[in-house]
Amino acid sequence: MRILVVDDDPEIIGLLRRGLAYEGYEVVTAQSGTEALAKAREREPDLVILDVMMAGTSGLEVARRLRQGGDVPILMLTARGTVPDIVAGLESGADDYLVKPFAFDELLARVKAQLRRRKPREGETLRFGDLSLDTATREVRRGGDTITLTAQEFDLLELFMRNPRQVLKRDRIYERVWGYDFAGESNVIEVYIRYLRTKLEAGDRPRLIWTVRGVGYVLKES
């Protein structure tokens, strides 16, 4: 597995290069957004660890461009840790967000969780109404139209489709989709629910994912 590490801090670059290489990953590094985009085109990484605050092309813009060109998992690693910062990172296309200073063991666990989701699985097609999801090809269709989802959006939708008409509590969603608990009052779930609704409800299609206030969310008919 090849990981692209993007950071303008040589110490962070060195730490991640050594730690990830020790764990058996091939590590490619870049110290600017422009260099990161070029390396991503040349080396096709399996995952990108991306700083936000860099001179020139910011990490947010790098994430947007990477997301436009494919579905490579993006883990943002930055000192900016407010809720608006996290939301901005996720909305730019990141799949995960870790705030500096960080513990390498936690970063490694998140890297493994993201890469685990990219491993091919035995094919299975889940259906709910006019919505279908193929777990092998990761293709989602509604009413005959293909819907393009990020890795995290796909995993969230798959969780709902495996538990139709069941109210899923927030802590269960965190555990099953992200694999760990978010500290504080993170609204990452709300952000991704909004992403899914925007894509699934395009063309005035009926809503499928509903909010159960104070509890969680449920996939059900209108």
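Residues numbered from 1 in each chain as written. Predicted model: local features only at pLDDT ≥ 70, side-chain atom pairs only at ≥ 80, totals over all residues. Heavy atoms only, no water.

K.L.:
Now, about the packing of helix α6 (residues 151–162) against helix α7 (residues 170–178): what can you tell me, with residues and values included?
P.N.:
It is the contact of α6 with α7, at a shortest axis distance of 10 Å, that shows an interaxial angle of 125°. What the angle tells us is that α6 and α7 run oblique. Regarding α6 and α7, the two cross each other, and that crossing is right-handed. Together, Gln152, Asp155, Leu156, Leu159 and Phe160 of α6 and Ile173, Arg176, Val177 and Trp178 of α7 make up the contact between the two elements. Of the residues assigned to the contact of α6 with α7, the class counts are six nonpolar, one polar and two charged. (Axes fitted to C-alpha atoms, helices over the stretch in contact; angles between N-to-C directions. Helix = DSSP H or I, 4+ residues; strand = E, 2+ residues; numbered from the N terminus. Parallel < 35°, antiparallel > 145°, perpendicular 65-115°, else oblique. Left-handed = near helix turned anticlockwise from the far one by under 90°. Contact = heavy atoms within 4.5 Å. Nonpolar A, V, L, I, M, F, W, Y, C, P; charged D, E, K, R; others polar.)

K.L.:
Requested: an account of the packing of aromatic side chains, with residues and values cited.
P.N.:
Applying the stated criterion across every chain yields a total of one aromatic pair. Ring geometry for tyrosine 192 against tyrosine 195: centres 5.2 Å apart, planes inclined by 70°, an arrangement best described as edge-to-face. One end of the pair, tyrosine 192, and the other, tyrosine 195, are both in helix α8 (residues 188–200), three residues apart, so they sit about a helical turn from each other. Tyrosine 195 matches tyrosine 192 in its accessibility class, with the two residues each being buried. (Phe/Tyr/Trp six-rings, centres within 6.5 Å; stacked < 30°, edge-to-face > 60°. Buried < 20%, exposed > 50% of the residue type's maximum accessible area, 1.4 Å probe, protein only.)

K.L.:
So what's going on with the nonpolar core? Residues and values would help.
P.N.:
Leu50, Leu157, Phe160 and Ile173 are the most contacted members of the largest nonpolar core, which has 52 residues in total. The greatest single-element share of this core, amounting to eight residues, is contributed by α8. Discounting residues that sit within four places of it in the chain, leucine 50 has contacts with Val6, Gly59, Val62, Ala63, Ile74, Leu75, Met76 and Leu77. (Core = buried A, V, L, I, M, F, W, Y, C linked by side-chain atoms within 4.5 Å.)

K.L.:
Would you mind going over the layout of surface pockets in detail, with residue names and values included?
P.N.:
Taken as a whole, the largest pocket encloses approximately 330 Å³ of empty space. Secondary structure elements with two or more residues in the lining of the largest pocket: α5 (104–118) and α6. Tallied by class, residues from the lining of the largest pocket come to five nonpolar, four polar and six charged. (1 Å grid on protein atoms, 1.4 Å probe; cavity = no way out; pocket = protein on both sides within 12 Å on 5 of 7 lines; lining within 4 Å. Points joined across faces, edges and corners; volume = space filled by probe spheres on them.)

K.L.:
Tell me about the side chain of aspartate 7, and name the residues and values.
P.N.:
Inspection of the secondary structure puts aspartate 7 in the loop between β1 (2–6) and α1 (10–22). Aspartate 7 gets classed as buried once you look at its relative accessible area, which sits at 2%. Of note is the side chain of aspartate 7, whose polar atom sits 2.8 Å from the backbone nitrogen of aspartate 9. Polar side-chain contacts of aspartate 7 include one of 2.8 Å to the side chain of lysine 100. With residues up to four places along the chain from it excluded, the contact list for aspartate 7 reads Ile12, Ile13, Ala30, Gln31, Asp51, Met54, Leu77 and Lys100. (Polar contact = N/O pair within 3.5 Å; in protein donor to acceptor, adjacent residues only side chain to side chain.)

Everything listed here is a matter of geometry and, on its own, says nothing about what the molecule does.
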